[in-house]
Amino acid sequence: MVLATAGVVLVDTMIVIEAVDTGCWNALTGQLRVVTSAECVDELRRGDASGPGYVPVSDEDIRRATVREVSPQARVALQLRYPDAQRLDAGERDLLAIAADLAGDFFLCSCDKAAVVAAQSLGLLDRVVSLEALASSVGARPGRPFRNQYSERILGVWRTSLVLS
């Protein structure tokens, strides 16, 4: 898997937050064509600044990625292909709608198991990548270790479980 040459890397809200918090965001967006959905941007802006563990993501951080709107038709098309789409977080749902419509070389980065399950159902499991693998592909060194759900190890466990079930 050669991530550094990927055409597009789709990232969800939690990936942006973890990448900013670990200091990897600028390296990722500087070397990869990072795309997120407008819904993910809305989620980033709705964060509770007074909450524990809040990580501020600035407008400058957001501008480092391409933000794509998702049409109602794309959401319906996803729902037809994946009937459980309404159970997904809105940001991940929209990223999967983008992914389901993309052609060419792209990857999807999400730390949400439900999104990984949906990707598998859509035939996109081989395009799912961990934040740890993305950071490694561009030579980024996180300022702290990634949390467990962002690791290649956990994604590998999820992939194996899905393939064997």
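Higher on the page you've got the structure.
The rules we used
Residues numbered from 1 in each chain as written. Predicted model: local features only at pLDDT ≥ 70, side-chain atom pairs only at ≥ 80, totals over all residues. Heavy atoms only, no water. Helix = DSSP H or I, 4+ residues; strand = E, 2+ residues; numbered from the N terminus. Contact = heavy atoms within 4.5 Å. Areas by Shrake-Rupley, 256 points an atom, 1.4 Å probe, with all protein chains shown as cover. Lys, Arg positive; Asp, Glu negative; His and termini not counted. Charge placed at Lys NZ, Arg CZ, Asp CG, Glu CD. Buried < 20%, exposed > 50% of the residue type's maximum accessible area, 1.4 Å probe, protein only. Pairing = 2+ DSSP bridges. Axes fitted to C-alpha atoms, helices over the stretch in contact; angles between N-to-C directions.

Some thoughts on the overall build of the chain
- When helices and strands are tallied, the chain shows 9 helices and 5 strands.
- Taken from N to C terminus, the helices and strands of the chain fall in the order β-α-α-β-α-α-β-α-α-β-α-β-α-α.
- By its C-alpha atoms, the chain is 40 × 30 × 30 Å across when sized along the principal axes.
- Pairs at least 24 apart in sequence give 70% of the contacts found in the chain among residues at least 6 apart.
- By element, 51% of the accessible surface of the chain is carried by carbon and sulfur atoms, the whole surface being about 8200 Å².
- Side-chain charges in the chain split into 17 positive and 21 negative, and the spacing between the mean points of these groups amounts to 3 Å.

What to know about the pairing of strand β2 (residues 34-37)
- The alternating pattern of β2 places Val34 and Thr36 on one face and Val35 and Ser37 on the opposite face, and all of these are buried.
- Bridge count between strand β1 (residues 8-11) and β2: 2 bridges; the pairing is parallel. Note that in β2 the partner of Leu10 across the bridge is Val35.
- In terms of strand pairing, β2 meets strand β3 (residues 66-68) through 3 bridges, oriented parallel. From the neighbouring strand, Thr36 faces β3, where its bridge partner is Val67.

Focus on the sheet that holds β2
- Strand order in the open sheet made by the 5 strands is β3-β2-β1-β4-β5, with parallel pairing throughout. Looking at which strands have only one partner, the edges of the open sheet turn out to be β3 and β5 (128-129).
- One ladder, built from 2 bridges, connects strand β4 (residues 106-109) with β5; its direction is parallel. By the bridge assignment for β5, Cys109 is matched with Val129.
- This element, helix α6 (residues 90-101), spans β1, β2, β3 and β4 of the sheet and lies at about 125 degrees to β2.

Just geometry here; none of it tells us what the structure is for.
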